[in-house]
Amino acid sequence: MGAKQSSPADASGGETDASASARAAAPPSAGATKPRAGLDAAARDLSAALPAAEPAAAPVGGRILFGSQTGTARRLAHKLANSLETRHGVRLETTDASGYDPEDLVREPVVLVLLSTYEDAEGNAVAPESARWLCRWAEESARDERFGALHLKDTRFAVFGCGNREYGAARFNAAARRLDQDLARLGGERVLRRADGDESSGRMEEQFHEWADKLGERLKKAETREKGDASGASDAPRFGAGKGRPRGSVAKKDEGSPTSVVADDTAEGRAYDTEEEEGSGDERGEDDDAALEAGSEDDMDMEDIGGGGGGGERREMVTPQLRAALTKQGYKILGSHSGVKLCRWTKAQLRGRGGCYKHSFYGIESHRCMEATPSLACANKCVFCWRHHTNPVGREWRWQMDDAETLVTSAISEHKGMIKQMKGVPGVLPERLAEGMDPRHCALSLVGEPIMYPEIDKFVSLLHAKRISTFLVTNAQFPDAITNLPPITQLYVSVDAATPETLKAIDRPLFGDYWDRFVGSLTALRDKNQRTVYRLTLVAGWNASDAAEYAKLIDLGKPDLIEIKGMTYCGATSGASNLTMKNVPYHDDVKKFGEALCTARINLVSGRDAEKDTAEDEPLTGGTPRSAEYGLACEHAHSCCILLARKDPYLVDGKWHTWIDYEKFQELVASGEPFTSDQYMLPTPHWSVWGAEEGGFDPGETRVRKVRNHPGKEKKEEAKA
């Protein structure tokens, strides 16, 4: 059964306006004391002199349903309920579609649906799991002759889609589009034409508010008309007027006359669901599309609400709403599309409390590292994204562009400002603070896709000119951009999955040819002479058992290094998936995966079963048999991260050389001559190598262990006792 509707009466037991009025109008009881005539007359005079109080708006029964994938539809549904009640006096109950029985739709006078669309593992544009049954019921019922075309004749509805046009016209708000069509086929009357919220436009909130305001006006007018009809005081047309108009017709207003019905079966006349604007997204014919217009009295074009798809001047990537959200998260927004943020490891090493895994593996000074991006936009919406998908997405650069020199200058300035704010923080070392004001490294991995920025080559060259090293991470969807990059201190490609199916499920890429782009990006690394890295993020239950498949990908790019890191759980606020702490692997799990990858690589290259054929007494080099191509080089237990490195050239006389000679790199870049990664490598310290007692923690730093007392830990200790 559906969720129980709210009662119009006060839940606390207070009397309603109607009961109060009835009590006031009732004659006094026999035992009541009759007021004096003079006072009674005065009261009547005073009452007549005062303006009549406007009656409170009675709640309109009905419901707001939402089906959400990342939390947007859920948030907007609650926002809509609040707006309708506070601004228009219309009270509707908000319900998650997962807990609603679609059979109850026939009993709802008003149903408003906010629905997102996402691509499943097979590439289909579908409704979120929570709304899957609602949409399936509507689709099947609309084609079931037992229901008929008048099943929902007494139900008014409206649909708002939460989508992203970057996924392609056929997929854009496909779930909302289908549901809207099916509800109309079942005889439902549209309160307002469907609106397509477009995340990529940067106007999702604005589109929603425009739609919500129009919706509130419609519901209020409908309520007023019904009250007038009930009292016989109004001859205004009922809300359902026009429901009997011919198929294929739409309502058009004539400036000098009331709303009239004009038959118009052309593409221009059909104001939504045109192939040109959105793509069909299904296999329904023109007759079906024409039938959708029945019951809609709205003459407002989709561009009025949905933002349209027209061209014009390029807009800024960062909208005011996005700027506010990112600023709240600690970002310093640079220009119109870039950002910089202070990493927690920067703060830690300023206090002498240890550096990040890049300090352990490559020798960077974490307190002198600037975390930045020239592009907040990305072409993926990864399920484990630790930025909660607040950044925009896109398949190409279509925004205003700030010049690289301005961005580099602004990034350094903002970074220094944040470092300066650390002055006076307990534990901050004065010498570290002074060094922090002179950044030497830039991690271009803050958020988004850095190589989408058209001037990325100039951007990194300007950093190198200031003797700032670059660690650039790309999400493997822009192979040509990788090819065109100038020398990078260390170039990463995220390898989040080993098969097309798991990549689709984990990264949720916008491109339809995502796998070809992924393979092309890995292949592009082979032509790079500087250090290259495969970056693997392990998600337990998703990709943590695919070592053999990952081993096959190594031949594509022949990376110098392979970083393997457990995913970071950031809570469920992003709503992008059902990931929990159970999906976060332990450090031992990550180490075992690294060992399995090395073994799988030996098997693949030698064509034998390394576990069975390798003699127990075969000498080990770098934590793996001598015949291994890659060795287990480093680990950083705190970050749940390990490093595999090619033995050629990084294992020299039995010692790893994964650290970087940053000054040498800058000299090589400045020379303008070709150079290779082995020309700027340094020995790895003993405390960072695989199996070291320190687990990658620099003994020159002060280890601070936090006491984490929580109910789960206490229960475990009690069980042990």
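Residues numbered from 1 in each chain as written. Predicted model: local features only at pLDDT ≥ 70, side-chain atom pairs only at ≥ 80, totals over all residues. Heavy atoms only, no water.

A.B. asks: Please clarify how the overall build of the chain should be interpreted in this entry.
C.D. replies: Looking only at helices and strands, the chain has 23 helices and 26 strands in total. With 721 residues in all, the chain has 51% of them scored as buried. In the chain, once contacts between residues fewer than 6 apart in sequence are set aside, the share between residues at least 24 apart is 75%. For the chain, the exposed area adds up to about 34000 Å²; of that, 50% sits on carbon and sulfur atoms. (Helix = DSSP H or I, 4+ residues; strand = E, 2+ residues; numbered from the N terminus. Buried < 20%, exposed > 50% of the residue type's maximum accessible area, 1.4 Å probe, protein only. Contact = heavy atoms within 4.5 Å. Areas by Shrake-Rupley, 256 points an atom, 1.4 Å probe, with all protein chains shown as cover.)

A.B. asks: Can you walk me through unusual backbone geometry in this structure?
C.D. replies: Note: most peptide bonds trans; most residues except glycine with negative phi. Cis geometry marks the peptide bond from D648 to P649, where omega comes out at 20 degrees. Of note, P649 is situated in helix α21 (residues 647–650). Phi at R508 takes a positive value of approximately 50 degrees, unusual for a residue other than glycine. In this structure, R508 sits in the loop between α16 (500–507) and α17 (514–524). We classify R508 as buried; its relative accessible area is 10%. Look at D653: it is not a glycine, yet its phi comes out positive at around 55 degrees. Within the element layout of this structure, D653 appears in the loop between β23 (651–652) and β24 (655–656).

A.B. asks: What is the right way to read the pairing of strand β16 (residues 490–494) from this model?
C.D. replies: In regular strands, side chains alternate between the two faces of the sheet. Counting buried residues in β16 gives five out of five residues, a clear majority hidden from the surface. Relative to β16, strand β15 (residues 469–474) runs parallel, the two sharing four bridges. Counterpart to T474 in the pairing with β16 is V493. Bridging between β16 and strand β17 (residues 531–538) involves five bridges; their strand directions are parallel. (Pairing = 2+ DSSP bridges.)

A.B. asks: Honestly, the pattern of salt bridges in this entry has me stumped. Any pointers?
C.D. replies: Close approach of charged atoms lets side chains of opposite charge pair. Here the structure, examined in full by the defined rule, presents 34 salt bridges. With a shortest N-O distance of 2.7 Å, D213 and R87 are connected by a salt bridge. Within this pair, whereas D213 is found in helix α6 (residues 204–231), its partner R87 is found in helix α3 (residues 72–88), the two being separated by 126 residues in sequence. The class for D213 is partly exposed, based on a relative accessible area of 23%. Its relative accessible area of 55% is what places R87 among the exposed residues. Residue D438 is joined to R368 by a salt bridge in which the shortest nitrogen-to-oxygen separation is 3.1 Å. (Salt bridge = Lys/Arg side-chain N within 4 Å of Asp/Glu carboxyl O.)

A.B. asks: Is there a simple way to think about the environment of P479 in this case?
C.D. replies: Tracing the chain through its elements places P479 in helix α15 (residues 479–483). Taking the C-alpha atoms as reference, P479 lies 5.4 Å from G520; in sequence the two are 41 residues apart. Ignoring any residue separated from it by four or fewer positions in sequence, one finds P479 in contact with R517, G520, S521 and A524.

A.B. asks: Any chance you could explain the packing of α16 against α17 here in plain terms?
C.D. replies: Packed helices, taken two at a time, are described by the angle their axes make and the gap between the axes. The interhelical angle for the contact between α16 and α17, taken along N-to-C directions, is 100 degrees, at an axis separation of 10 Å. Taken together, α16 and α17 sit at an angle that is classed as roughly perpendicular. Residue-level inspection shows P500, L503 and K504 of α16 in contact with α17, the latter providing Y514, W515 and F518. By residue class, the composition of the contact of α16 with α17 is five nonpolar, no polar and one charged. (Axes fitted to C-alpha atoms, helices over the stretch in contact; angles between N-to-C directions. Parallel < 35°, antiparallel > 145°, perpendicular 65-115°, else oblique. Nonpolar A, V, L, I, M, F, W, Y, C, P; charged D, E, K, R; others polar.)

A.B. asks: What is the right way to read the nonpolar core from this model?
C.D. replies: Buried together is how nonpolar side chains tend to be arranged in soluble globular proteins. By size, the foremost hydrophobic cluster in this structure holds 86 residues, and its most contacted members are F459, V495, Y534, I562 and I564. The dominant element in this core, judged by the number of residues it contributes, is helix α12 (residues 404–420), at seven residues. Filtering out sequence-adjacent residues up to four positions away, I562 remains in contact with Y534, L536, I554, L597, Y630, I642, L643 and L644. In this structure, A348, Y357, Y662 and M681 belong to the second largest nonpolar core, which totals 29 residues. (Core = buried A, V, L, I, M, F, W, Y, C linked by side-chain atoms within 4.5 Å.)

A.B. asks: What is the right way to look at the pairing of β17 in this model?
C.D. replies: The buried fraction of β17 is high, at eight of eight residues. Neither face of β17 is open: one carries R531, V533, R535 and T537, the other T532, Y534, L536 and L538, and all of them are buried. Of the strand pairs in this sheet, β17 and strand β18 (residues 561–566) are connected by six bridges, and their pairing is parallel. Note that in β18 the partner of Y534 across the bridge is I562. Handedness of the β-α-β unit built from β17, helix α18 (residues 547–557) and β18 comes out right-handed. (Right-handed = clockwise from strand over helix to strand, strands pointing away.)

A.B. asks: Whenever I open this one, the confidence of the model for the chain confuses me. Can you help?
C.D. replies: A low pLDDT means the predicted coordinates there should not be read in detail. Mean pLDDT over the chain stands at 78; residues scoring 70 or higher make up 73%. Confidence drops under pLDDT 50 across residues 1–37; counting only partners more than four residues distant or on other chains, this segment forms 27 contacts. This model gives residues 233–311 a pLDDT under 50, and the stretch forms 142 contacts once residues within four places in sequence are excluded. (pLDDT = per-residue confidence, 0-100.)

A.B. asks: How should I be thinking about the sheet that holds strand β14 (residues 441–444) in this particular structure?
C.D. replies: Hydrogen bonds along the backbone pair up the strands of a sheet, which may run parallel or antiparallel. If you walk across this open sheet you meet the ten strands as β11-β12-β13-β14-β15-β16-β17-β18-β22-β21, and the pairing is mixed. One side of each edge strand has no neighbouring strand; the edge strands of this open sheet are β11 (332–334) and β21 (630–636). Neighbour to neighbour, the strand axes of the sheet diverge by 25 degrees on average, direction disregarded. Of the pairings in the sheet, the one linking strand β13 (residues 369–373) to β14 comprises three bridges and is parallel in character. Counted as the bridge partner of M370 is C442 from β14. Relative to the sheet, helix α14 (residues 456–465) contacts β13, β14 and β15, its axis offset from that of β15 by approximately 150 degrees.

A.B. asks: Sorry if this is basic, but what is going on with the packing of aromatic side chains here?
C.D. replies: What characterises a pair of aromatic rings is the spacing of the ring centres plus the angle enclosed by the ring planes. Applying the stated rule across the entire model yields 18 aromatic pairs. Considering the side-chain rings of W659 and W687, the 6.2 Å spacing of their centres and the 80 degrees angle between planes classify their relative orientation as edge-to-face. Here W659, found in strand β25 (residues 659–660), pairs with W687, found in the loop between β26 (681–682) and α23 (711–720); they are 28 residues apart in sequence, far enough to count as distant. You'll find W659 and W687 in the same group, each marked buried. Three or more aromatic residues joined by ring pairs make a cluster, and in this case those are Y357, F361, Y362, F471 and Y662. Between K341 and the ring centre of Y331, over which it is positioned, the NZ or CZ distance is 4.9 Å. For R517, the ring lying beneath its charged end belongs to F511, and the centroid distance is 3.7 Å. (Phe/Tyr/Trp six-rings, centres within 6.5 Å; stacked < 30°, edge-to-face > 60°. Lys NZ or Arg CZ within 6 Å of the ring centre and 35° of its normal.)

A.B. asks: I'm lost on the packing of α17 against α18 in this one. Help?
C.D. replies: For the pair α17 and α18, the least separation of the axes is 6 Å and the interaxial angle reads 55 degrees. As far as their axial angle goes, α18 and α17 are oblique. Along its contact with α17, which presents F518, V519, L522 and T523, the element α18 presents L553, L556 and G557. Here the contact of α17 with α18 is built from residues that sort into five nonpolar, two polar and no charged.

A.B. asks: Would you take a moment to explain the state of the cysteines for this structure?
C.D. replies: Disulfide: a covalent bond connecting the sulfur atoms of a pair of cysteines. All told, the structure shown has zero disulfides when counted by the stated rule. With no disulfide of its own, C382 lies 6.1 Å from the sulfur of C378, the closest cysteine sulfur. (Disulfide = S-S within 2.5 Å.)

A.B. asks: What is the right way to look at α3 in this model?
C.D. replies: An α-helix turns once every 3.6 residues. As a result, residues three or four positions apart point the same way. In this model α3 runs 23 Å from its N-terminal to its C-terminal C-alpha over 17 residues, within 8% of the 24 Å that 1.5 Å per residue would give. Among all positions in α3, only A73, L76, A77, L80, A81, S83, L84 and H88 are buried. Across the axial projection of α3, the buried residues extend over an arc of 165 degrees, all falling on one side. G89 lies just past α3 and shows a positive phi near 70 degrees. (Expected span 1.5 Å × (residues − 1). Arc of directions from axis to C-beta.)

A.B. asks: Explain α12 to me, please; I cannot follow it from the model alone.
C.D. replies: For α12, spanning 17 residues, the distance from its first C-alpha to its last is 24 Å, which sits close to the expected 24 Å at 1.5 Å a residue. For α12, the complete set of buried residues consists of A404, L407, V408, A411, I412, H415, M418 and I419. Down the axis of α12, the buried side of the element spans an arc of 130 degrees, and every buried residue falls inside it. Where the residues of α12 are buried, they touch β11, β12 (338–341), α10 (344–350), β13, α13 (430–436) and α14. Backbone nitrogen of E405 and a side-chain oxygen of the N-cap are separated by 3.3 Å at the start of α12; the cap is D403. (Polar contact = N/O pair within 3.5 Å; in protein donor to acceptor, adjacent residues only side chain to side chain.)

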